[in-house]
Amino acid sequence: LRLRCVTVRYGDAVILDRVDWQVRPGENWLISGPNGSGKTTLLGLLTRDNPQAYAQDVTVLGRRADGGTPIELWRHAIGFVAPELLLAYPPETPCRNVILSGFTDSLGLFRAPDTRQEDAAQEMLDDLGLGRCADEPLGTVPEGVQRLLLLGRALVKSPRLLLLDEPCQGLDQRQRWLVREWVDAAATAGAPVLYVSHHAEDCPRCITHALHLEAGRVTARGRLPR
């Protein structure tokens, strides 16, 4: 992953200011900074949710954002977790369908899943301890369960890159431990992890490096001590 002199602005407001950053094989990064520092905008460039990605020098998994790769192929390689994703699902959505939508990177289930996908989704639910919630409407389960469903949605397709924006927000201690264990397992399987958090204690063991943003600028970066 590589960003070269990336600047995002809206009128006179500069959100990211000449960001240079590279993630090499075997590295997993904590991204930190105060609210408004540009963390979410940075992830939006990597997922191509932010349209300014197409005007920047952004390379993810060997593909440039402006290189013509269809958005479906781009996102299929990326597992993404962010609290705001939950707002896009109608409250009557069955919990199983949140997991299944990870195969198509959609915010809803608009295509009938095949048997393999259904089996994988049920296995993911069981592994997360949510098997009994499979048919429950999303709006009726606790917030912690909803956020674990987003993790399952990201992981069910075995992504090549994992982007996590405050994945432990709203979770109890046991659920936080579960998230860290799953993220560590994904990193061990070869998926680089970019982990946005205000709380260093929530970081999984796999994190090797840290990037800190202040007012859109990189103010610190490097390998974490072991």
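Everything here concerns the structure above.
Residues numbered from 1 in each chain as written. Predicted model: local features only at pLDDT ≥ 70, side-chain atom pairs only at ≥ 80, totals over all residues. Heavy atoms only, no water.

Describing the overall build of the protein chain
Next, step 1: Assigned secondary structure in the protein chain consists of six helices and 10 strands.
Next, step 2: Taking 2.2 N^0.38 as the reference for a compact globule, 226 residues should give roughly 17 Å; the C-alpha atoms of the protein chain span a radius of gyration of 17 Å, in line with that estimate.
Next, step 3: Counting the 226 residues in the protein chain, one finds 51% classified as buried.
Next, step 4: For the protein chain, long-range pairs separated by at least 24 residues make up 63% of all intrachain contacts whose partners lie at least 6 apart in sequence.
Next, step 5: For the protein chain, the accessible surface area stands at approximately 10,900 Å², while carbon and sulfur atoms represent 51% of it.
Next, step 6: Side chains of the protein chain carry 26 positive and 28 negative charges; the gap between the two charge centres is 7 Å. (Helix = DSSP H or I, 4+ residues; strand = E, 2+ residues; numbered from the N terminus. Rg over C-alpha atoms; globule rule 2.2 N^0.38 Å. Buried < 20%, exposed > 50% of the residue type's maximum accessible area, 1.4 Å probe, protein only. Contact = heavy atoms within 4.5 Å. Areas by Shrake-Rupley, 256 points an atom, 1.4 Å probe, with all protein chains shown as cover. Lys, Arg positive; Asp, Glu negative; His and termini not counted. Charge placed at Lys NZ, Arg CZ, Asp CG, Glu CD.)

Overview of the pairing of strand 9 (residues 209-214)
Next, step 1: In this sheet, strand 9 lies alongside strand 3 (residues 29-32) in parallel orientation, the contact comprising four bridges. Counterpart to S32 in the pairing with strand 9 is H212.
Next, step 2: In the sheet, strand 9 pairs with strand 10 (residues 217-223) via six bridges, with the strands oriented antiparallel. In the sheet register, E214 faces strand 10, and the bridge partner there is R217.
Next, step 3: What sits between the antiparallel neighbours strand 9 and strand 10 is a turn of two residues, in which A215 has the positive phi angle 50 degrees. (Pairing = 2+ DSSP bridges.)

Description of the environment of Y89
Next, step 1: Structurally, Y89 can be placed in the loop between strand 6 (78-81) and helix 3 (95-100).
Next, step 2: Each C-alpha atom of the pair Y89 and L109 lies 9.7 Å from the other, and the pair is 20 residues apart in sequence.
Next, step 3: If near-sequence neighbours (up to four positions away) are discounted, Y89 is found in contact with V98, S101, S106, L107, G108, L138 and R153.
Next, step 4: At 3.3 Å, the side chain of Y89 and the backbone oxygen of S106 are in polar contact.
Next, step 5: There is a polar contact of 2.8 Å between the side chain of Y89 and the side chain of R153. (Polar contact = N/O pair within 3.5 Å; in protein donor to acceptor, adjacent residues only side chain to side chain.)

Quick notes on the nonpolar core
Next, step 1: Ranked by size, the top nonpolar core spans 70 residues in total, and within it L1, W21, L46, L149, V193 and L194 carry the most contacts.
Next, step 2: Residue contributions to this core peak at seven residues, all from helix 5 (residues 143-155).
Next, step 3: Contact partners of W21, with chain neighbours within four places excluded, come to L1, R2, L3, W29, I31, L42, L194, L211 and R221. (Core = buried A, V, L, I, M, F, W, Y, C linked by side-chain atoms within 4.5 Å.)

Quick notes on the sheet that holds strand 4 (residues 57-60)
Next, step 1: Across the sheet, four strands lie side by side as 2-1-4-5; this open sheet has antiparallel pairing. Of all the strands in the sheet, just strand 2 (13-22) and strand 5 (63-64) have a single pairing partner and so form its edges.
Next, step 2: Where strand 1 (residues 2-10) lies against strand 4, three bridges are found, and the strand directions are antiparallel. Paired with R2 across the two strands is T59, which belongs to strand 4.

Concerning the pattern of salt bridges
Next, step 1: Enumeration according to the criterion identifies 13 salt bridges in this entry.
Next, step 2: Ionic pairing is found between D57 and R64, a salt bridge with its closest N-O pair at 2.8 Å.
Next, step 3: Of the residues examined, R64 reaches a relative accessible area of 35% and is grouped as partly exposed.
Next, step 4: Its salt-bridge partner being E143, residue R147 comes within 2.9 Å of it at the nearest N-O pair. With R147 and E143 both in helix 5 and four residues apart, the pair spans about one turn of that helix.
Next, step 5: Taking relative accessible area as the criterion, R147 reaches 12% and is therefore assigned buried.
Next, step 6: Residue class for E143 comes out partly exposed when judged on its relative accessible area of 41%.
Next, step 7: One connected set of salt bridges, linked through shared partners, spans R4, D57, R64 and D66. (Salt bridge = Lys/Arg side-chain N within 4 Å of Asp/Glu carboxyl O.)

Description of helix 5
Every α-helix winds through 3.6 residues per turn, so residues three or four apart in the chain are directed the same way.
Next, step 1: Its 13 residues place the ends of helix 5 19 Å apart at the C-alpha level, agreeing with the 18 Å of an ideal helix rising 1.5 Å per residue.
Next, step 2: Burial analysis of helix 5 places 12 of its 13 residues in the buried class, the great majority of the element.
Next, step 3: Every buried residue belonging to helix 5 is among G144, V145, Q146, R147, L148, L149, L150, L151, G152, R153, A154 and L155, and all of these are buried.
Next, step 4: As for helix 5, its buried residues are in contact with strand 6, helix 3, helix 4 (115-127), strand 7 (161-165) and helix 6 (173-188). (Expected span 1.5 Å × (residues − 1).)

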